[in-house]
Amino acid sequence: MDYFLTEDQIMIQDLTRQIAEEKVIPVREELDEKEEFPWEVMNVLAQSDLFGLFIPEEYGGLGKSGFELCIAVEELSKACLGVSTTYAANALGTYPILLFGSEEQKKKYLPDIAAGRRLVAFALTEANAGSDAAGIQTTAKHEGDEYVLNGTKQWITNGGEAEIYTVITITDKSKGARGASAFIVEKGTPGFHFGKKEKKMGIRASSTRELIFDNCRIPKENIIGKEGLGFIVAMRTLDNSRTGVGAQGVGVAQGAFDEALKFSRQRIQFGHPIISFQAVQHMLADMATEIEASRALVYAVARYIDSGARDITKESAMAKVYATDMAMRVTTNAVQVMGGSGYMREYPVEKMMRDAKILQIYEGTNQIQRNVIAQALIKEAAKK
Ligand SMILES: Cc1cc2nc3c(=O)[nH]c(=O)nc-3n(C[C@H](O)[C@H](O)[C@H](O)COP(=O)(O)OP(=O)(O)OC[C@H]3O[C@@H](n4cnc5c(N)ncnc54)[C@H](O)[C@@H]3O)c2cc1C
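As the structure is a computational prediction, the values presented were derived from the model and not from experiment. (Residues numbered from 1 in each chain as written. Predicted model: local features only at pLDDT ≥ 70, side-chain atom pairs only at ≥ 80, totals over all residues. Heavy atoms only, no water.)

**Student:** Is there a simple way to explain the overall build of the protein in this structure?
**Tutor:** Scanning the protein for helices and strands turns up twelve helices and ten strands. Here the protein has a C-alpha radius of gyration of 21 Å; the compact-globule value for 384 residues is 21 Å, and the two agree. Taking all 384 residues of the protein together, the buried fraction comes to 54%. When contacts within the protein are restricted to residue pairs at least 6 apart in sequence, those whose partners lie at least 24 apart make up 74%. Accessible surface computed for the protein: about 17,200 Å², of which carbon and sulfur atoms make up 52%. (Helix = DSSP H or I, 4+ residues; strand = E, 2+ residues; numbered from the N terminus. Rg over C-alpha atoms; globule rule 2.2 N^0.38 Å. Buried < 20%, exposed > 50% of the residue type's maximum accessible area, 1.4 Å probe, protein only. Contact = heavy atoms within 4.5 Å. Areas by Shrake-Rupley, 256 points an atom, 1.4 Å probe, with all protein chains shown as cover.)

**Student:** Help me out: how do you make sense of the site of the ligand in this one?
**Tutor:** Contacts to the ligand come from 21 residues, most closely from Thr125, Ser131, Thr157, Thr365 and Gln367. Interatomic distance of 2.6 Å between a side-chain N/O atom of Thr125 and a nitrogen atom of the ligand. Within the side chain of Gln367, an N or O atom sits 2.8 Å from an oxygen atom of the ligand. In isolation the ligand offers 970 Å² of accessible surface; the protein chains occlude 66% of this area. (Near = heavy atom within 4 Å. Polar contact = N/O pair within 3.5 Å; in protein donor to acceptor, adjacent residues only side chain to side chain.)

**Student:** What's the story with helix H8 (residues 278-306) in this structure? I'm lost.
**Tutor:** Taking 1.5 Å per residue as the helical rise, H8 with its 29 residues ought to reach 42 Å, and the 42 Å between its terminal C-alpha atoms agrees with that figure. Tucked into the core, H8 has its buried residues touching helix H1 (7-24), helix H4 (66-79), helix H7 (230-266) and helix H9 (313-337). One or two residues past the end of H8 sits Gly308, with phi positive at roughly 95°. (Expected span 1.5 Å × (residues − 1).)

**Student:** What's the story with H7 in this structure? I'm lost.
**Tutor:** The α-helix advances 3.6 residues per turn, and as a result positions three or four apart in sequence lie on the same side. For H7, spanning 37 residues, the distance from its first C-alpha to its last is 54 Å, which sits close to the expected 54 Å at 1.5 Å a residue. In H7, a bend of some 35° at Asn240 exceeds every other bend along the element. Burial analysis of H7 places 28 of its 37 residues in the buried class, the great majority of the element. (Bend = angle between axes of the 7 residues up to and from the residue.)

**Student:** Could you clarify how one ought to interpret the side chain of Gln13 in this entry?
**Tutor:** Here Gln13 lies in helix H1. Filtering out sequence-adjacent residues up to four positions away, Gln13 remains in contact with Leu5, Ile71, Glu75 and Tyr299.

**Student:** What is the right way to look at the pattern of salt bridges in this model?
**Tutor:** Where charged atoms of side chains with opposite charge meet at close range, the side chains can pair. Summed over all chains, the structure comprises 31 salt bridges. Between Asp172 and Lys175 there is a salt bridge whose closest N-O contact spans 3.8 Å. Residue classification places Asp172 among the partly exposed positions, given a relative accessible area of 26%. Looking at Lys175, the relative accessible area reads 53%, which means it is exposed. With its nearest N and O atoms 3.2 Å apart, the salt bridge here joins Arg295 to Glu292. On the criterion of helical spacing, the pair formed by Arg295 and Glu292 is a turn pair, its members being three residues apart in helix H8. Given a relative accessible area of 24%, Glu292 falls into the partly exposed group. (Salt bridge = Lys/Arg side-chain N within 4 Å of Asp/Glu carboxyl O.)

**Student:** Just to check I follow, could you spell out the pairing of strand S7 (residues 208-219) for this structure?
**Tutor:** A regular strand places its side chains so that they alternate between the two faces of the sheet. As defined by bridge partners, strand S3 (residues 146-157) adjoins S7 across nine bridges and the pair is classed as antiparallel. Pairing of Tyr147 across the sheet is with Ile218, part of S7. (Pairing = 2+ DSSP bridges.)

**Student:** Looking at this structure, how should I read the packing of aromatic side chains?
**Tutor:** The description of two aromatic rings rests on the distance between their centres and on the angle between their planes. Under the counting rule described, the total for this entry stands at twelve aromatic pairs. For the ring pair Phe54 and Tyr95, a centre distance of 5.5 Å and an interplane angle of 50° mean the geometry is tilted. Here the residue Phe54 occupies a position in the loop between helix H3 (39-47) and H4, and Tyr95 occupies one in helix H5 (residues 81-100), the gap between them amounting to 41 residues. Accessibility classification places Phe54 together with Tyr95 in one group, the buried group. One aromatic cluster is present, built from ring pairs that chain together Tyr165, Phe192, Phe194 and Phe213. (Phe/Tyr/Trp six-rings, centres within 6.5 Å; stacked < 30°, edge-to-face > 60°.)

**Student:** So what exactly am I meant to see when it comes to the nonpolar core here?
**Tutor:** One broad trend across soluble globular proteins is that nonpolar side chains are buried collectively. Formed by 114 residues in total, the largest nonpolar core has its most connected members in Leu45 and Tyr87. If you tally residues by element for this core, the top one is H7, at twelve residues. Ignoring any residue separated from it by four or fewer positions in sequence, one finds Leu45 in contact with Ile19, Leu50, Phe51, Leu76 and Tyr87. (Core = buried A, V, L, I, M, F, W, Y, C linked by side-chain atoms within 4.5 Å.)

**Student:** Would you explain a negative patch on the surface in this entry?
**Tutor:** On the surface, a cluster of negative charge is contributed by Glu57, Glu58, Glu103 and Glu104. Mapped onto the elements, Glu103 comes out in helix H6 (residues 103-114). (Patch = residues over 30% accessible without salt bridge, like charges linked within 9 Å, V, L, I, M, F, W, Y side chains within 5 Å. Lys, Arg positive; Asp, Glu negative; His and termini not counted. Charge placed at Lys NZ, Arg CZ, Asp CG, Glu CD.)

**Student:** Hey, could you run me through the pairing of strand S2 (residues 139-143) in this one?
**Tutor:** Of the strand pairs in this sheet, S2 and S3 are connected by five bridges, and their pairing is antiparallel. Across the sheet, the residue bridging to Ala140 is Leu149, located in S3. Two successive antiparallel strands, S2 and S3, enclose a turn made up of two residues, where Gly144 displays a positive phi of approximately 60°.

**Student:** Would you take a moment to explain the environment of Ala133 for this structure?
**Tutor:** Relative to the assigned elements, Ala133 resides in the loop between strand S1 (120-123) and S2. Between the alpha carbons of Ala133 and Lys106 there is a distance of 26 Å; along the sequence they are 27 residues apart. If sequence neighbours within four positions are ignored, Ala133 has contacts with Leu124, Phe231 and Met235.

Right, here's the structure in full:
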């Protein structure tokens, strides 16, 4: 379908597609097998200015927005969700600075991020605070010109590899979620260590690691916004990034569909290509329809957010839920269309199915997204 992309947007799409085909597809199996961080691909993306897509020109970026980021993420996800997770998590970690950072912080950090010189990670989750993010226990104590951080963050994408971390902490326990504050912590700061590196079902090229803060002292200027704003920083960040997770769903589903379609035209059973059987045709028809519906929703929501809409929580949750549940169905059905071959590592769809599962979990599970959508509906109904 034609989404009336501008010339610039088509250029971004073509460029990322080319990188995905030439630089990602040839290495994705090896990266997955070895659980190896995709530094070479990240360097290519950096050289192509793709880290600067959503960063304003005044800070060295290309001055585009979330929609263009979705297009790039979709193309990378078609090839490898481990690579696209690494790239998208960098944006997730950057949003707190972009949306709430001071002018000094923007000038200090965004040019390096835009150039792909320094990778970013976003740290909210802890062992006892997953869906219940307000339950975080990592503390930041104000002492003179510094804050002292103590606590452990769990399952942080780009952990260990990133140079810059946006970290949500508690500065005032008595205030609950209103006592949270966000900080920038740089790799190499004394008292900041990396813990366990996770071994995962999928997205194995991406790094998922523990962050340990042990009397980690950072300058007080590293606070993002002000004390008490941490939970708002986290929630607004996720509102902005969730369409990117939807775009990941669209991409991985399209990648799996393309493989299944190709296979169904080549595989002969009962003397005919399996695509001649109606049961297979209907699966492919449903897959193609669901992918297009998800793409339309993700693009519409990304454009809505870029228009400057204020309340985007419900819409970004809808795009995430719809496109990622779709991705799990479509990648599973791609394996089904390909039968035993689909189950084998020789073909990429088994990896795509393993990879797709994470999309229903991270950046807020799809159950939590449904809670968010329902709460918004209840609020809207009460206003009528
Ligand atoms: C590979 C990976 C990468 C990640 N990257 C990051 C990162 O970069 N930064 C970061 O901060 N976090 C990251 N996370 C954490 C991720 O966001 C959380 O895993 C997610 O929010 C869910 O939390 P949980 O896993 O603790 O599940 P839990 O909260 O323990 O939930 C378990 C189950 O209960 C359900 N549930 C819980 N509460 C409710 C409720 N109220 N209503 C209905 N159902 C409910 C959930 O939907 C889920 O099915 C990552 C996780 C993974 C696995």
